[in-house]
Amino acid sequence: MDFKIIDAHMHYSEIQAFYSAAEDAGVDYSYEGYIKECTKAGIEAMVCMGLTESTPHAFPDKYAQVPMMANLTENLPSGLHTCLGINPHQLNDDSIERIRQKIKSDPKIVGFKIYAGYYHYYIHDPIYAPVYKIAAEYGLTVAIHTGVTYSEQGLMEYSHPLAADRLAVNYRDTQFLLCHMGNPWIMDACEVTYKNRNVYMDISGLVEGNAALLTYTENEPLLMQHYKTGLLYLNNYKKVLFGTDWPIVPLQAYINFCKKITPEHAYEDVFRGNALQIYRLPALPTF
């Protein structure tokens, strides 16, 4: 690829589980480590999913203040844009006002992140209604965790991608993005995305681990077909965004993996162009 890449789904927060995941992935979970990986992989910008915990190992933390932000270091990567993390337990008039003020003051806020499954609320629960209405008002995208949760405290009945169908119908003026292709319910996520004009998906976090595990997955035809079949069924690569879910995988190895499930003619859209449009990213600085 002779163009820069946008990582449309990554993390940059002081979350203890991310340090463990980074160790398993062989990743240096630090500012310096991330910039080094981005430079080598040709990543010019990223969309960070805001997340915090009030005490170590607390996520999913009922007491995390809304909106949840990126807080791994004070010095954020220059190309970093943020989806404001939502903790439904702390949604109230005060936190909604903080959300509005944050959006108005920070042009790098490009969306919201709903941690379905981690927090035990259905995504169409009325508690989230103010967030969806603000997203429509400001033209922001709502990214939703779908599929398996990487926490035993998660409940996957809340993260099944089919729930997004009702959401998309109820909030036609709001733009939604299904994270992780709903894995393992990939066909369901692809059908919801296919059916609804206001739904997109990303291909982040399909594999968690080091480069050797990614290579193993690439060499297992049945596993690769699992991902390819859904994308072929969707048959609309304008609706698919590349993301890594860093630090759970090394960047370059995950790029290589995603190139193998994406046809070459769609590379520029999937790895860059779609993120520019769907997240309405501002002018992109270089590192």
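Residues numbered from 1 in each chain as written. Predicted model: local features only at pLDDT ≥ 70, side-chain atom pairs only at ≥ 80, totals over all residues. Heavy atoms only, no water.

**Student:** Just give me the short version of the packing of helix α2 (residues 31–41) against helix α9 (residues 251–261), but keep the residues and values in it.
**Tutor:** Contact geometry for α2 and α9: axes closest at 9 Å, N-to-C directions at 40°. As the angle between them shows, α2 and α9 are arranged oblique. In this structure, α2 uses Tyr34, Glu37, Cys38, Lys40 and Ala41 to contact α9, whose residues at the interface are Leu251, Gln252 and Ile255. Counted by class, the contact of α2 with α9 contains five nonpolar, one polar and two charged residues. (Axes fitted to C-alpha atoms, helices over the stretch in contact; angles between N-to-C directions. Helix = DSSP H or I, 4+ residues; strand = E, 2+ residues; numbered from the N terminus. Parallel < 35°, antiparallel > 145°, perpendicular 65-115°, else oblique. Contact = heavy atoms within 4.5 Å. Nonpolar A, V, L, I, M, F, W, Y, C, P; charged D, E, K, R; others polar.)

**Student:** Break down the packing of aromatic side chains for me, citing the residues and quoting the values.
**Tutor:** A full pass over the atoms with the stated rule returns 19 aromatic pairs. Summarising the aromatic geometry, the rings of phenylalanine 18 and tyrosine 29 are spaced 6.2 Å apart at their centres and angled 80° between planes, so their arrangement reads as edge-to-face. Highlighted residues: phenylalanine 18 in helix α1 (residues 16–25) and tyrosine 29 in the loop between α1 and α2, separated in sequence by eleven residues. Just as phenylalanine 18 is buried, tyrosine 29 falls in that class too. Seen from their ring centres, tyrosine 115 and tyrosine 118 are 6.4 Å apart, and the 75° between their planes marks the pair as edge-to-face. (Phe/Tyr/Trp six-rings, centres within 6.5 Å; stacked < 30°, edge-to-face > 60°. Buried < 20%, exposed > 50% of the residue type's maximum accessible area, 1.4 Å probe, protein only.)

**Student:** Give me the sheet that holds strand β8 (residues 240–241): which residues, what numbers.
**Tutor:** With parallel pairing, the eight strands of this open sheet are ordered in space as β1-β2-β3-β4-β5-β6-β7-β8. What marks the edges here is a single partner per strand, and that holds for β1 (5–10) and β8. Bridge count for strand β7 (residues 199–202) against β8 is two bridges, and the pairing is parallel. Looking at β8, one finds that aspartate 202 is bridged to leucine 241. (Pairing = 2+ DSSP bridges.)

**Student:** Outline the side chain of serine 159, supporting the account with residue identities and numerical values.
**Tutor:** Among the structural elements, serine 159 can be located in the loop between β5 (141–145) and α5 (163–170). Among the polar contacts made by the side chain of serine 159, one reaches the main-chain carbonyl oxygen of glycine 147 at a distance of 2.7 Å. Not counting chain neighbours up to four residues away, the residues in contact with serine 159 comprise Ala116, Gly117, His145, Thr146, Gly147 and Thr149. (Polar contact = N/O pair within 3.5 Å; in protein donor to acceptor, adjacent residues only side chain to side chain.)

**Student:** Break down the pattern of salt bridges for me, with residues and values.
**Tutor:** For the structure on display, the rule yields five salt bridges. With its nearest N and O atoms 2.5 Å apart, the salt bridge here joins glutamate 44 to arginine 272. Residue glutamate 44 is located in strand β2 (residues 43–49), and its partner arginine 272 is located in helix α10 (residues 267–278); the two are separated by 228 residues in the primary sequence. Lysine 195 is paired through a salt bridge with aspartate 165; the nearest N and O atoms lie 2.8 Å apart. Remark: aspartate 165 occurs in helix α5 and lysine 195 occurs in helix α6 (residues 186–195); sequence separation between them is 30 residues. Its relative accessible area of 23% is what places aspartate 165 among the partly exposed residues. (Salt bridge = Lys/Arg side-chain N within 4 Å of Asp/Glu carboxyl O.)

**Student:** An account of the side chain of threonine 244 is requested, with residue identities and associated values reported.
**Tutor:** Along the polypeptide, threonine 244 turns up in the loop between β8 and α9. Within the structure, the side chain of threonine 244 is placed 2.6 Å from the side chain of aspartate 7, a separation counted as a polar contact. Those residues in contact with threonine 244 that lie beyond four places of it in its chain are Asp7, His9, Met10, Ser204, Gly205, Val249, Leu251 and Tyr254.

**Student:** So what about α10? Which residues, and what values?
**Tutor:** Over its twelve residues, α10 runs 16 Å from end to end, which matches the ideal 16 Å to within 8%, given 1.5 Å per residue. If you check which residues of α10 are buried, you get Tyr267, Val270, Phe271, Gly273, Asn274, Ala275 and Ile278. Taken together, the buried residues of α10 touch β1, β5, β6 (175–179), β7, β8 and α9. Looking one or two residues past α10, arginine 280 carries a phi angle of roughly 50°, positive in sign. (Expected span 1.5 Å × (residues − 1).)

Purely geometric stuff here, so don't read any function into it on its own.
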